[in-house]
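Residue-level listing of the chains:
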Amino acid sequence: MSNQTYLADTIECGIKGGWRDMWVGTQIDTTKLEHIKADRKGILEEKVSLAKQSVGLDALLIWAHGDPQSIDTLCELCAGMGIETYLWYPILADIPDFEIPKSAKVVNHEGRRGYGEIGRWQRLGTYASGREKFEFLCPNSEETISQIFNLYKNQLNRHDFDGVFLDRIRYPSAAMGFEMLFSCFCDNCKRMFKQQFNMDLQNLRSAVEAHFGKRDIYSIDLIKNAGSIHEILYPEVMGDFLIFKNRSVYKVVKKFSDYAKTKGKKVGLDLFSHSLAGAVSQDYELLSTACDWIKPMIYCHSTGPAGFPLELHSIIHSLLTLNRDLKLEGVAAGLSDILKVKLPETLNLLMTNGIPEELIFYEIKNINMLNLKSGVDIYPGFEVMKMDDLCVITEKILGSYLDNVFAQKAKGMVMSWDLLDMPAENLDFTKRYLREHTG
Ligand SMILES: [Zn+2]
């Protein structure tokens with residue numbers, strides 16, 4: 001049976017069977033209202049009420065940046081409407097009111113900090129008026145993490161949230177420059193790696209340098225035969241180092257999650273989707289032990305970090321740059337086999353048209369096969385907004401996203417990522433879809 005037939009049958013079967021109510025969340029960034037002097041409260045009230053009335057919003061994830069008054073307004077509004085509120089907090093990059101010291105930024109095998117060069121996103125450093133830099137801090141910089149932890153505690157205690165939603169809990173992705181995938185070799189990492197694996201990280205650094213010096217780096221055979229994207233990206237010699245990196249991210253998440261739990265708050269995690277998570281050291285099974293639910297970011301149309309079009313563009317561009325013998329067709333075919341959806345024929349089309357929404361179906365399927373902590377729910381996140389320069393979601397795309405979410409019987413979903421950029425017609429379309437398919 002072809003993938004498409006199987007998918008169509010599953011959707012049909014699910015629709016006939018009827019659905020229970022679905023948990024619906026969305027995200028909001030109030031800094032977008034900073035230029036508005038009057039009646040911010042009115043705008044927030046209108047947006048939140050519309051989301052409640054149309055899709056029965058269950059949870060609002062509120063970006064930690066933004067004026068405290070707007071955040072308080074949202075907490076009050078939501079409490080009145082039976083909507084849970086989460087503090088959406090970025091931990092390892094773009095932390096509110098905090099400049100990451102240079103010494104704490106991740107260091108790659110070349111000693112580079114911050115961004116790499118190969119395959120880097122053109123808009124890095126300028127996105128969101130330069131507020132979202134995606135410059136990553138080493139998860140083992142304990143002193144800096146403690147400072148961020150204190151800021152987090154203050155913000156969590158300052159407002160009346162029901163939970164926390166932890167973001168930027170990873171190492172740099174290919175969109176920050178391919179070379180940065182080979183981080184971190186800072187003194188803290190050297191010391192901790194030695195403690196855990198009784199091995200000198202310097203030897204691995206030499207192995208990574210040798211990897212980049214190879215003539216047949218990233219051969220077409222490797223790409224064709226790999227079972228996952230991270231298996232393509234990282235040489236086998238990095239095995240223990242990848243485990244170490246997964247644990248390093250987990251350790252930070254656990255610290256922030258444990259605190260929230262002691263305060264009686266729920267914990268959600270914003271993770272790269274399954275196919276990309278291994279490349280940025282997010283281990284779903286390990287991280288599931290430190291949360292109540294996970295939102296895999298299954299963005300098929302956004303050209304920003306975590307979105308498949310941009311991340312795949314950066315990876316493909318880098319592979320073609322590092323091995324001039326490779327052809328786009330071969331690389332795209334290898335990645336299409338892994339993802340189970342066909343990638344567009346050119347890199348331009350990848351960025352302008354995105355990739356098929358069926359990806360949601362296969363990503364959730366793969367996540368459901370993992371050994372996650374029991375009771376941890378998966379709420380796929382997909383774009384519902386219209387932002388001319390980043391992603392435009394039409395009703396056709398939205399309908400296809402929802403079909404695939406429902407085909408996998410997801411218990412919930414996060415309409416990403418910003419309620420303020422979500423057109424009323426997309427909320428209305430989702431309302432009609434839910435009416436037809438739930439209950
Ligand atoms: Zn480090």
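**Focus on helix α9 (residues 239–262)**
Taking 1.5 Å as the rise per residue, α9 with 24 residues should run 34 Å; its terminal C-alpha atoms sit 34 Å apart, in good agreement. Taken together, the buried positions of α9 are F241, F244, K245, N246, S248, V249, Y250, V252, V253, F256, S257 and A260. Those residues of α9 that are buried lie in contact with α4 (142–158), β4 (163–167), α5 (187–197), α6 (201–213), β5 (266–272) and α11 (284–287). Following α9 by one or two positions, G264 has its phi on the positive side, about 75°.

**Details of the nonpolar core**
Soluble, globular proteins show a tendency: their nonpolar side chains are buried together. One finds L60, I62, L166 and V253 to be the most contacted residues of the largest nonpolar core, which totals 133 residues. With eight residues, α9 is the single largest residue contributor to this core. Excluding residues within four positions of it along the chain, L166 makes contact with Y89, I91, V253, F256, V267, L269 and D270.

**Focus: the pairing of strand β6 (residues 293–297)**
Within β6, five of the five residues are buried, leaving the element largely enclosed by the surrounding structure. Burial of β6 is two-sided: the residues W293, K295 and M297 facing one way and the residues I294 and P296 facing the other way are all buried. In this structure, β5 lies alongside β6, joined through five bridges in parallel fashion. Pairing of F272 across the sheet is with M297, part of β6.

**Quick look at unusual backbone geometry**
Here the bond from S183 into C184 is cis, since omega is 15°, no more than 30 degrees from zero. Of note, the bond from S416 into W417 is cis; its omega dihedral lies within 30 degrees of zero at -20°. Along the polypeptide, W417 turns up in the loop between β11 (412–416) and α17 (424–437). Despite not being glycine, D39 shows a phi value in the positive range, around 55°. For D39, the position within the fold is in the loop between β1 (23–28) and α2 (40–55).

Calculation criteria
- Residues numbered from 1 in each chain as written.
- Predicted model: local features only at pLDDT ≥ 70, side-chain atom pairs only at ≥ 80, totals over all residues.
- Helix = DSSP H or I, 4+ residues; strand = E, 2+ residues; numbered from the N terminus.
- Expected span 1.5 Å × (residues − 1).
- Buried ≥ 20, exposed ≤ 12 C-beta atoms within 10 Å, placed from the backbone.
- Contact = placed C-beta atoms within 7 Å.
- Core = buried A, V, L, I, M, F, W, Y, C linked by C-beta atoms within 7 Å.
- Pairing = 2+ DSSP bridges.

Without other data, these values stay purely geometric and don't point to any function.
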